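Architecture and fold: a report
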Amino acid sequence: MIDRVELIQHSWVATKRMKFARRQRTDVEVNLTPLIDVVFLLLIFFMVSTTFSKDTRLSIDLPEASAEAGQIATKQIEITISRDGSYSINEVPLVNNKIETIKSAIQKLSEGDSTLPLIVTADSATPHQSVVTAMDAAGQLGFVHLSITTRNKSEQ
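Every chain is numbered on its own, with residues counted from 1 as its sequence reads. Local features are withheld for residues below a pLDDT of 70 in this predicted model, meaning they are given only at 70 or higher, and side-chain atom pairs are given and counted only at 80 or more; totals for whole chains, interfaces and linings count all residues. Hydrogens and waters are ignored; side-chain quantities use all the structure's heavy atoms.

A sheet is described by the order of its strands in space; here five strands give the open sequence β3-β2-β1-β4-β5, paired in mixed fashion. For this open sheet the edge positions go to β3 (92-93) and β5 (146-148), each flanked by a neighbour on one side alone. In this description, strands pair whenever DSSP reports at least two bridges between them. Numbering goes from the N terminus for both helices and strands, where a helix is a DSSP run of H or I of at least four residues and a strand is a run of E of at least two. Where strand β2 (residues 87-89) meets β3, two bridges bridge the pair, whose relative direction is antiparallel. Each residue of the ladder has a partner; that of I89, found in β3, is V92. Across the sheet, helix α3 (residues 99-110) touches β1 (77-81), β2 and β4 (118-122), and the angle it forms with β2 is around 10°. We call two residues contacting when some pair of their heavy atoms lies within 4.5 Å. Axis definition: a line fitted to C-alpha atoms, limited for helices to the stretch in contact. Angles are taken between N-to-C directions and run from 0 to 180 degrees.

We now examine the pattern of salt bridges. Put simply, a salt bridge is a Lys or Arg side-chain nitrogen that is within 4 Å of an Asp or Glu carboxyl oxygen. Overall, the coordinates contain one salt bridge when judged by the stated rule. One salt bridge connects E111 with K75, and the closest N-O pair in it is separated by 3.8 Å. Here E111, found in the loop between α3 and β4, pairs with K75, found in the loop between α2 (33-49) and β1; they are 36 residues apart in sequence, far enough to count as distant. Given the relative accessible area of 38%, K75 is considered partly exposed. Relative accessible area decides the class of each residue, using a 1.4 Å probe on protein chains only: under 20% of the type maximum gives buried, over 50% gives exposed, and in between gives partly exposed.

Here S130 shows up in helix α4 (residues 128-140). Residue classification places S130 among the buried positions, given a relative accessible area of 11%. Those residues in contact with S130 that lie beyond four places of it in its chain are I81, G85 and Y87.

A separate point is the nonpolar core. The biggest cluster of nonpolar side chains holds 20 residues, and the ones touching the most others in it are I79, I89, I106, L118 and F143. Elements represented by at least two residues in this core include exactly β1, β2, α3, β4 and α4. When residues in this core are grouped by element, the largest group, five residues, is from α4. Ignoring anything within four residues of it in the chain, the contact list for I79 reads Y87, S88, I89, I106, L118, I119, V120, T121 and A134. Residues belong to a common nonpolar core when they are buried Ala, Val, Leu, Ile, Met, Phe, Trp, Tyr or Cys residues joined through side-chain atoms within 4.5 Å.

Two faces make up the sheet, and in a regular strand the side chains alternate between them. On β1, burial follows the alternation: I77, I79 and I81 on one face are buried, whereas E78 and T80 on the facing-out side are not. Linking two consecutive strands that pair antiparallel, namely β1 and β2, is a turn of five residues; a positive phi of about 95° is found at G85 within it.

To continue, consider the confidence of the model for the protein. In this model, the protein carries a mean pLDDT of 76, and residues with pLDDT of at least 70 account for 69%. No element of the protein has a lower mean pLDDT than helix α1 (residues 2-16), which averages 56, and none a higher one than α2, which averages 93. What pLDDT expresses is the predictor's confidence in each residue, scored from 0 to 100. Across residues 58-64, confidence stays below pLDDT 50; counting only partners more than four residues off in sequence or on other chains, it has 13 contacts.

Once that is clear, we can look at unusual backbone geometry. As a rule of thumb, non-glycine residues mostly have phi less than zero, and peptide bonds are mostly trans rather than cis. The phi dihedral of N90 is positive, around 50°, even though this residue is not glycine. The exposure class assigned to N90 is partly exposed, which follows from its relative accessible area of 33%. Phi angles above zero are rare outside glycine, and E111 is one such case at about 55°.

Moving on to the environment of A105. Mapped onto the fold, A105 is located in helix α3. For A105 and V92, which are 13 residues apart along the polypeptide, the C-alpha to C-alpha distance reads 9.5 Å. Filtering out sequence-adjacent residues up to four positions away, A105 remains in contact with I89 and L94.

The next point concerns the side chain of T126. On the secondary structure map, T126 appears in the loop between β4 and α4. Contacts of T126, omitting those with residues within four sequence positions, involve I81, S82, R83 and V131.

What follows is the structure, given as structure tokens:
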């Protein structure tokens, strides 16, 4: 009798078990196509929006310090800039500090010869912009032999 009771219980448990359908495992994949598309779009965006600038510079021949004094050219142009930024060209003061005035005075003295040596002499307290303006005027006229006067520390 005991065997029969066990068999009934066993069959009852077997019929009451729920049979779930097993899910099929899918492999997880990362699709790289959208990622590559986004990277290319960013690359194109940065290539189009980047600005490239070309800096223009004046060639300046700075004087070298030496014990001997250099040769003085027979004809040269000297731009003197005072402490307050006013200009004199070959010891003749200019009427204003505009770059057009500086260019016309240099052009008149050089008579169109841009191979003449041009010397810029500025006070140590002169604003840097005044020196740059004088050098810019010379550069626009084609002067390439620019020098900036200095003094030795022993002269102080």
